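# Understanding the architecture of this molecule
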Amino acid sequence: MLTSEAEVLGLSPDASSTKAAQGLKSPGKWPTLGSDEGAVWGECQGSGSKPYQTQVDLSGPSFKCSCPSRKFPCKHGLALLLLRTAGQVAAADARPAWVSEWLDSRRDRAEKKEAKAVAVAAAPPDPQAAAKREAKRWDRVEGGLGELSLWMQDMLRQGLATQQLNDSSTHQAWQNMAARLVDAQAPSMAARVTQLHDVASVREDWPALLLTHLGQWQLLLDAAARREQLPPAMLDDVMTALGWNQDKAELLATSPAVADQWLVLGGCQIEGQGRLVERRMWLWGEQTQRIALLQDYAHGGRGYERAWVVGRRYEASLHFYPGGAPMRAIAADNSSLLEAQATTAPSLLAHSTPQQSWRDVAERLAGNPFQWLQPLMLQSVQLHRVEGQGWQATVMDGAAQRVLPLDLPDSQAWGLLAASGGHPMLAMGEWSDERWRLLSAWNVTGDGNARLIWALSGEVQ
């Protein structure tokens, strides 16, 4: 249960939503308000004739609002929780019908999902039919990868220096390659092509970046060509890297549940083409000492099934996708937010020393060399801004000082610098393309505890 205004605002998608929610946390702006042990609800008068109906399932928390905003949660959901945290929402004798209908529909969906998982477990798919479908798809994927291989060879034959990434015709050529990979049923490979162009076209070190990725792609092409010789875990990683998605019900039925108290380390939302928003949340298991990635997508402002509060723990069972170094997982529906605690996981501190943290990254890459995005937690991090080079993090690794370039907008970096006061901190983020995108920062105290002092907010590019 969220107990402070800071925790509620930690769910805000951006600064404008935070400001708007603050302006709505007056009971006078809500014709009706109510709550019970499981939910809080209210009607907020907007610009239309009918007030917006806003409701929050406190077990998540999960939000629903009838306003047209595509942000999640919207300003009304945030304001409603702010009112409840301030003790300004009275307990109600009964829920309105529209609240009961929504909560019932959530329960029905959860039961159907559980029933589907049970059905899948009881009647596994026909292996012969599945093998036939997989072989048919591999035929199409191989065609797309063959085109990609020729395209890469042409690029190298002509020389990387001839790549004018900001030229419209070059951009169109990259888009065409990505489109052919989508047609070949390799959507994740297509996304890699699109993302590399987007990143490299704004980086001064783009030739090195391009060459690095072409090498990674060739590794993936070679692995796909020799897939019959690969161990099962590596084959799963190759298929995931190309775009195979396992059905969630099948995963729930076939993957063992990993129960733990999961600390939410940080997260981000990235808006892509066609208003598709990807949300990545990173969790740390206190007992299992495992890191988990919860990856969701929302289109057109539909929102997510539930919110995850950075800096808080959840009692949850996660089901990991198979692979050589499994990180991506889905949470079972029985996840529950635990009461706020002053201490963090001791194992988190042990795994955020520079030596151990880089060793963890190396082990995960050894287990799955096709996973380009890696979580990175480091202690003794200090923030600096270098003229002409942007924001950097310096980390003491033994007696040596290491400098890491940051992928952090000015608006976020100044806030983080103010929160840390310039002192060393424990920072968590995503490591990719020799850049560190910070997602959260923690103050480590002398007694070995850590307290969240900053979390990335809003959508990033």
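This section reports on the structure supplied with the text. Because the structure is a prediction, the values reported are computed rather than measured.

This paragraph deals with the pattern of salt bridges. Per the counting criterion, the structure on display carries 15 salt bridges. Two residues, Asp57 and Arg106, come together in a salt bridge whose shortest N-O distance is 3.0 Å. With Asp57 in strand E3 (residues 52–57) and Arg106 in helix H4 (residues 97–122), the pair connects residues that are 49 residues apart, well separated along the chain. The burial state of Asp57 is the same as that of Arg106; both residues are buried. Across the pair Arg437 and Asp407 runs a salt bridge, and its minimum N-O distance is 3.3 Å. Of this pair, Arg437 sits in strand E15 (residues 435–444) while Asp407 sits in the loop between strand E13 (400–405) and helix H13 (410–420); the two residues are 30 residues apart in sequence, bridging distant segments of the chain.

For the rest of this paragraph, the subject is the sheet that holds strand E11 (residues 374–386). Picture the strands of a sheet paired through backbone hydrogen bonds; they go either parallel or antiparallel. With antiparallel pairing, the six strands of this open sheet are ordered in space as E13-E12-E11-E14-E15-E16. Two strands bound the open sheet, and with one partner strand each, they are E13 and strand E16 (450–455). Taken over all neighbouring pairs, the strand axes of this sheet differ in orientation by 45° on average, direction set aside. When strand E12 (residues 390–397) meets E13, the two strands line up antiparallel, connected through six bridges. The residue of E13 that forms the bridge with Thr394 is Val403. Across the face of the sheet, helix H12 (residues 354–367) comes into contact with E11, E12, E13 and strand E14 (425–432) while running at roughly 125° to E11. Contacts between H13 and the sheet are confined to E11, E12, E14, E15 and E16, with E16 contributing the most and set at about 150° to the helix.

A few words now on the pairing of strand E2 (residues 39–44). The buried fraction of E2 amounts to six of the six residues, a majority that puts the element mostly inside the structure. Side-chain alternation along E2 places Ala39, Trp41 and Glu43 on one buried face and Val40, Gly42 and Cys44 on a second face that is also buried. Bridge count between strand E1 (residues 32–35) and E2: four bridges; the pairing is antiparallel. Paired with Ser35 across the bridge in E2 is Val40. Linkage of E1 to E2, two consecutive antiparallel strands, is achieved through a turn of three residues. As paired elements, E2 and E3 share six bridges and run antiparallel to each other. Its bridge partner being in E3, Ala39 is matched across the sheet by Asp57.

Further remarks concern the sheet that holds E1. Sheet architecture is open: four strands sit in the order E1-E2-E3-E4, paired in antiparallel fashion. Both outer strands of the open sheet, E1 and strand E4 (62–65), are each paired with one neighbouring strand and no more. Taking each pair of neighbouring strands and ignoring which way they run, the sheet shows an average axis angle of 10°. Packing of helix H3 (residues 75–85) onto the sheet brings it into contact with E1, E2, E3 and E4, and relative to E3 it is tilted by some 60°.

Among the nonpolar cores identified, the biggest contains 40 residues, and Leu265, Trp282, Trp436 and Leu438 are the most heavily contacted of them. Not counting residues within four places of it along the chain, the set of residues in contact with Leu265 comprises Trp282, Leu283, Trp284, Ile291, Val310, Leu348, Met377, Met428, Ser440 and Trp442. Counting 39 residues, the second largest nonpolar core, distinct from the first, contains Leu58, Phe72, Leu78 and Phe320.

Each value, and the rule that gives it
- Residues numbered from 1 in each chain as written.
- Predicted model: local features only at pLDDT ≥ 70, side-chain atom pairs only at ≥ 80, totals over all residues.
- Heavy atoms only, no water.
- Salt bridge = Lys/Arg side-chain N within 4 Å of Asp/Glu carboxyl O.
- Helix = DSSP H or I, 4+ residues; strand = E, 2+ residues; numbered from the N terminus.
- Buried < 20%, exposed > 50% of the residue type's maximum accessible area, 1.4 Å probe, protein only.
- Pairing = 2+ DSSP bridges.
- Axes fitted to C-alpha atoms, helices over the stretch in contact; angles between N-to-C directions.
- Contact = heavy atoms within 4.5 Å.
- Core = buried A, V, L, I, M, F, W, Y, C linked by side-chain atoms within 4.5 Å.

Geometry only, nothing functional implied.
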